[in-house]
Amino acid sequence: MRLICYTRLGQPAKALTTYQRCRHTFLSHLGTSPSQEIQLLYQSLITDLRTE
């Protein structure tokens, strides 16, 4: 998934944008949020950014 790739490439802004797009798509087309795994990855990225 792009979120993981961008994170590993050190491009957190692109990773965050990708998550937001994914979340919007899931909510608008499926009426649900991304999986817990994806949400945890997002939270981990946010935490990492705050500690830098």
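Residues numbered from 1 in each chain as written. Predicted model: local features only at pLDDT ≥ 70, side-chain atom pairs only at ≥ 80, totals over all residues. Heavy atoms only, no water.

S.K.: Where do I start with the nonpolar core in this structure?
M.R.: Soluble globular proteins tend to bury their nonpolar side chains together. If you look at the biggest cluster of nonpolar residues, it comprises seven residues: Leu-3, Ala-15, Tyr-19, Ile-38, Tyr-42, Leu-45 and Ile-46. Among the secondary structure elements, those contributing two or more residues to this core are helix 2 (12-30) and helix 3 (36-51). Tallying contributions element by element places helix 3 first for this core, with four residues. Ignoring anything within four residues of it in the chain, the contact list for Tyr-19 reads Leu-3, Pro-34, Ile-38, Gln-39 and Tyr-42. (Core = buried A, V, L, I, M, F, W, Y, C linked by side-chain atoms within 4.5 Å. Buried < 20%, exposed > 50% of the residue type's maximum accessible area, 1.4 Å probe, protein only. Helix = DSSP H or I, 4+ residues; strand = E, 2+ residues; numbered from the N terminus. Contact = heavy atoms within 4.5 Å.)

S.K.: Is there a simple way to explain helix 2 in this structure?
M.R.: It helps to recall that an α-helix has 3.6 residues per turn; residues three or four apart then point in one direction. Taking 1.5 Å per residue as the helical rise, helix 2 with its 19 residues ought to reach 27 Å, and the 26 Å between its terminal C-alpha atoms agrees with that figure. Taken together, the buried positions of helix 2 are Ala-15, Thr-18, Tyr-19 and Cys-22. The buried side chains of helix 2 occupy one side of the element, clustering within an arc of 100 degrees when seen end-on. When the buried face of helix 2 is taken as reference, the exposed residues oriented beyond 90 degrees from it are Ala-13 and His-24. In this structure, the buried residues of helix 2 make contact with helix 1 (2-8) and helix 3. (Expected span 1.5 Å × (residues − 1). Arc of directions from axis to C-beta.)

S.K.: Any chance you could explain the state of the cysteines here in plain terms?
M.R.: Put plainly, two cysteines are in a disulfide when a covalent bond ties their sulfur atoms together. On inspection of all chains with the given rule, the structure shows zero disulfides. Cys-22 provides the cysteine sulfur closest to Cys-5, a residue in no disulfide bond, and the two sulfurs are 14 Å apart. (Disulfide = S-S within 2.5 Å.)

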